[in-house]
Amino acid sequence: MILPKRNLKNKRPCLEFSQLSVKDSFRDLFIPKIETILMMYTRNNLNCAEPLFERNNSLNVNFNTQKKTVWLIHGYRLVGSVPSWLQNFLRILLNEEDMNVIVVDWSRGATTFIYNRAVKNTRKVAVSLSVHIKNLLKHGASLDNFHFIGVSLGAHISGFVGKIFHGQLGRITGLDPAGPRFSRKPPYSRLDYTDAKFVDVIHSDSNGMKFIKCNHQRAVHLFMASLETNCNFISFPCPSYKDYTASLCMDCDCFKEKSCPQLGYQANLFKDVLKERMEGRPLRTTVFLDTSGTYPFCTYYFVLSIIVPDKTMMDGSFSFKLLNQLGMIEEPRLYEKNKPVYKLQEIKILAQFYNDFVNISSIGLTYFQSSNLQCSTCTYKIRSLMLKSLTYPERPPLCRYNIVLKEREEVFLNPNTCTPKNT
């Protein structure tokens, strides 16, 4: 016989996440049930969930009303399995910050073969949560300290809770919000950016969608990676993914010393500067980035700025690679620009690397003339180039001046730290 886990301090059994199965999905076809269980974790009970409220309705002594409270809400559970990411997410959150974490277990309501039934249950769960929240407020908690993190249908539950409290929740993070039955619906029928003081959403989609491009169902793990690793998931505000891939949205200077917004847990640090940029417009920003294919999904963005004299270069393009002091070399993914060189005096090239180049020893630069204007004996002058890390904006940019290139001949340049007047 397996005995239930117990809290070593007060000897009472730990709350366990509902252990359901495909049998419960079948049972729901005939006897639908819905139940919401709140499982509270703090650093005092990291491995043993406790009820948020005691039987006499008093608040659990481990809950600190002055600290941040993260509400973690799962989504649709077709066959009732426990979310594979749950325990790791809890550990990472409590390792990051001394906070309260409340896992919302609504498995009875989410475990069903009838997806539309689970969709309808999201509003019922939100109403149930609002009752508990009002009780917390009576004990001195603050809506401003509440951060709801919802996955799939859980994202929309978070939005419905936010609507009940008129957008006064501190923050809502939606991780791959469910699309079916919600896409193209009006704001009152889904998660909306007005549901909290700060709402950030990560969509993972291989075709490029709002906020992020990556493989399906990666949003949860990306958010965890933003906490667990040193990766700066820099993202680029842009009207469309097409414009993003055309290098039209790489101006991070307007974000001052913070560079472009970061994806994940630290996204709220950019709340104020995003509001400044959106003055006079709806307070909603769409950003994009690309990730690597494996955990922790880090990539590193650089921008290469090239200044050419007027009419020195005809229609053409550049490629470049980086070499560090350890001899590692990498040719990056270059994002296409939509304007030919001859119309620009400054060319900016956005580049994505899979390795972080810290001690750069040289830049390999090649110029390609358009096919109908090739000239093997021609030389092309560059007034200056500057390489800047967008992922780590605190690193000083590197420069090189007065460069002469020949067509399709790679030149390795040893850059130096830029002088102030050139940055």
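None of these values were measured; they are calculated from a predicted model.

Colleague: Which parts of the structure should I look at to understand the sheet that holds strand 14 (residues 346-353)?
Modeller: Pairing between the strands of a sheet is mediated by backbone hydrogen bonds and can be parallel or antiparallel. The antiparallel open sheet is built from 6 strands, whose spatial order is 13-14-10-16-17-19. Every other strand in the sheet has two partners, leaving strand 13 (333-334) and strand 19 (416-417) as the edge strands with one partner each. Of the strand pairs in this sheet, strand 10 (residues 300-307) and strand 16 (residues 379-389) are connected by 6 bridges, and their pairing is antiparallel. Each residue of the ladder has a partner; that of Ile307, found in strand 16, is Ser384.

Colleague: Sorry if this is basic, but what is going on with the pattern of salt bridges here?
Modeller: Pairing between side chains of opposite charge can happen when the charged atoms of each approach one another. Following the criterion strictly, the structure yields 16 salt bridges and no others. Here Asp24 ties to Arg108 by a salt bridge, and the two come within 3.7 Å at their closest N and O atoms. Linking Asp24 in helix 1 (residues 22-30) with Arg108 in helix 3 (residues 107-110), this pair joins segments that are 84 residues apart in sequence. Classification of Asp24 by relative accessible area gives buried; the value is 14%. Relative accessible area serves as the criterion here: at 31%, Arg108 is assigned to the partly exposed category. The closest approach of N and O atoms between Glu35 and Arg108, which form a salt bridge, is 3.8 Å. Of this pair, Glu35 sits in the loop between helix 1 and strand 1 (37-41) while Arg108 sits in helix 3, and the two are 73 residues apart along the sequence. Accessibility expressed as a relative area gives 38% for Glu35, which makes it partly exposed. Here the salt bridges share partners, and the residues they tie into one network are Asp24, Arg27, Glu35 and Arg108.

Colleague: Looking at this structure, I do not really get the state of the cysteines. What am I missing?
Modeller: Linking two cysteines covalently via their sulfur atoms produces the bond known as a disulfide. This structure, assessed with the given rule, holds 4 disulfides. Here Cys231 is linked by a disulfide to Cys298, with a sulfur-sulfur distance of 1.4 Å. Given an S-S torsion of about 45°, the disulfide between Cys231 and Cys298 has right-handed geometry. Taken together, the residues span a long stretch of sequence, with Cys231 in the loop between helix 6 (219-228) and strand 8 (236-237) and Cys298 in the loop between strand 9 (287-288) and strand 10 at a distance of 67 residues. A residue is classified by how much of its surface remains accessible, and Cys298, at 10% relative accessible area, is buried. Between the sulfur of Cys399 and that of Cys418 lies a disulfide, 1.9 Å long from S to S. Measuring the twist about the S-S bond at about 95°, one finds the Cys399-Cys418 disulfide to be right-handed. Here the residue Cys399 occupies a position in strand 17 (residues 398-406), and Cys418 occupies one in the segment after strand 19, the gap between them amounting to 19 residues. The pair Cys399 / Cys418 is uniform in exposure class, with both members buried.

Rules of the game
- Counting restarts for each chain: residues are numbered from 1 in the order of the written sequence.
- The predicted nature of this model means local features are confined to residues of pLDDT at least 70 and side-chain atom pairs, given and counted, to a pLDDT of 80 or more, with totals for whole chains, interfaces and linings taken over all residues.
- Note: side-chain values were computed over all heavy atoms of the structure, leaving out hydrogens and water.
- Pairing between strands requires that DSSP locate at least two bridges from one strand to the other.
- Every helix listed is a DSSP run of H or I at least four residues long, and every strand listed is a run of E at least two residues long, numbered separately from the N terminus.
- Counted as salt bridges are all cases of a side-chain nitrogen of Lys or Arg within 4 Å of a carboxyl oxygen of Asp or Glu.
- Between buried and exposed lies partly exposed: a residue is buried under 20% and exposed over 50% of the maximum accessible area for its type, with that area taken using a 1.4 Å probe on protein chains only.
- In what follows, a disulfide is any cysteine sulfur pair within 2.5 Å.

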